[in-house]
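So the chains spell out like this:
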Amino acid sequence: MATITKKMLSAVKLGRVSTRVGGFVIPSPNPDDPNVFAAIDGSGVAEFSCVSYTGRDLDANALFARYVDSGAKIPDVEQLLSDFDDYLRQIKTFKVGNVLGLRSNGADRELYLTHQRPPDGSM
């Protein structure tokens, strides 16, 4: 687990683009919702996200700590850390402002580009 980035995904609604402060997201841990993002603080889900610059280094352990602080139950710590590391590695391949979706491919999940920047150009 060596992936460190200064980028993170924030929830975004397409159409009239909107974001909310503190809206950092992770792939939904709910197996019934494999193609959506979940707010890391447990406050909701989003179909799309936007790559944001955080200004600080993030790694799988930092995401894990924030997720645990939300009160989430973790059935498999090692698997979740590995998933977070893969997630951060994927985020690094996109540019700040890119709007991303999430698709499930069996056990793997992949981030994909939906727009170079939000459709209304707000970011």
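Everything here concerns the structure above.
If you're wondering where the values come from, they're calculated on a predicted model, not measured in any experiment. (Residues numbered from 1 in each chain as written. Predicted model: local features only at pLDDT ≥ 70, side-chain atom pairs only at ≥ 80, totals over all residues. Heavy atoms only, no water.)

Before we go on, may I ask you to explain the sheet that holds strand E4 (residues 45-46) in this structure?
Working definition: the strands of a sheet are paired by backbone hydrogen bonds and lie parallel or antiparallel to each other. One open sheet accounts for three strands, arranged E2-E3-E4; its pairing is antiparallel. Lying at the two open borders of the sheet, with one neighbouring strand each, are strand E2 (25-27) and E4. Relative to E4, strand E3 (residues 37-39) is paired through two bridges, and the arrangement is antiparallel. Considered in E4, the bridge of Phe37 is made with Ala46. (Pairing = 2+ DSSP bridges. Helix = DSSP H or I, 4+ residues; strand = E, 2+ residues; numbered from the N terminus.)

Explain the packing of aromatic side chains here, please?
Any pair of aromatic rings gets described here by the distance separating the centres and the angle formed by the planes. With the rule as written, the count across this model stands at one aromatic pair. With 6.2 Å between their ring centres and 85° between their planes, Tyr67 and Phe84 make a pair best called edge-to-face. Here Phe84 lies in helix H2 (residues 77-91) and Tyr67 lies in helix H1 (residues 60-69), a separation of 17 residues in the sequence. When its relative accessible area of 10% is taken as the criterion, Tyr67 is described as buried. (Phe/Tyr/Trp six-rings, centres within 6.5 Å; stacked < 30°, edge-to-face > 60°. Buried < 20%, exposed > 50% of the residue type's maximum accessible area, 1.4 Å probe, protein only.)

What am I meant to see in the nonpolar core here?
In summary, soluble globular proteins display a tendency toward joint burial of nonpolar side chains. Membership of the largest hydrophobic core comes to 25 residues, with the highest contact counts inside it found for Met8, Leu9, Phe84, Tyr87, Ile91 and Leu111. Mapped by element, the contributors of at least two residues to this core are strand E1 (5-12), E2, strand E5 (48-58), H1, H2 and strand E6 (99-105). The greatest single-element share of this core, amounting to six residues, is contributed by H2. (Core = buried A, V, L, I, M, F, W, Y, C linked by side-chain atoms within 4.5 Å.)

What's the story with H2 in this structure? I'm lost.
Since the α-helix turns once every 3.6 residues, residues separated by three or four places project in the same direction. In this model, H2 (15 residues) spans 21 Å end to end at C-alpha, consistent with the 21 Å of a helix rising 1.5 Å per residue. Buried residues belonging to H2 abut E1, E2, E3, E5, H1 and strand E7 (108-115). For H2, the N-terminal cap is Asp76; the gap from its side-chain oxygen to the backbone nitrogen of Glu78 is 3.4 Å. (Expected span 1.5 Å × (residues − 1). Contact = heavy atoms within 4.5 Å. Polar contact = N/O pair within 3.5 Å; in protein donor to acceptor, adjacent residues only side chain to side chain.)

So what exactly am I meant to see when it comes to H1 here?
Within the sequence span of H1, burial applies to Ala60, Leu63, Phe64 and Tyr67. The arc that holds the buried residues of H1, viewed along the axis, is 100°, so those residues lie on one side. Each element contacted by the buried residues of H1 is listed here: E1, E2 and H2. The N-cap of H1, judged by a side-chain oxygen 3.1 Å from the amide nitrogen of Asn61 a few residues on, is Asp59. Gly71 sits one or two residues past H1 and shows a positive phi near 95°. (Arc of directions from axis to C-beta.)

What exactly am I supposed to notice about the pattern of salt bridges here?
Side chains bearing opposite charge may pair, as long as their charged atoms lie close to each other. Tallying each qualifying case throughout the model produces three salt bridges. The residue Asp57 makes a salt bridge to Lys6 at a minimum N-O spacing of 3.5 Å. With Asp57 in strand E5 and Lys6 in strand E1, this pair connects stretches of sequence that are 51 residues apart. We classify Lys6 as partly exposed; its relative accessible area is 34%. A salt bridge links Glu110 to Arg103; the nearest nitrogen and oxygen atoms lie 2.9 Å apart. When its relative accessible area of 40% is taken as the criterion, Glu110 is described as partly exposed. (Salt bridge = Lys/Arg side-chain N within 4 Å of Asp/Glu carboxyl O.)

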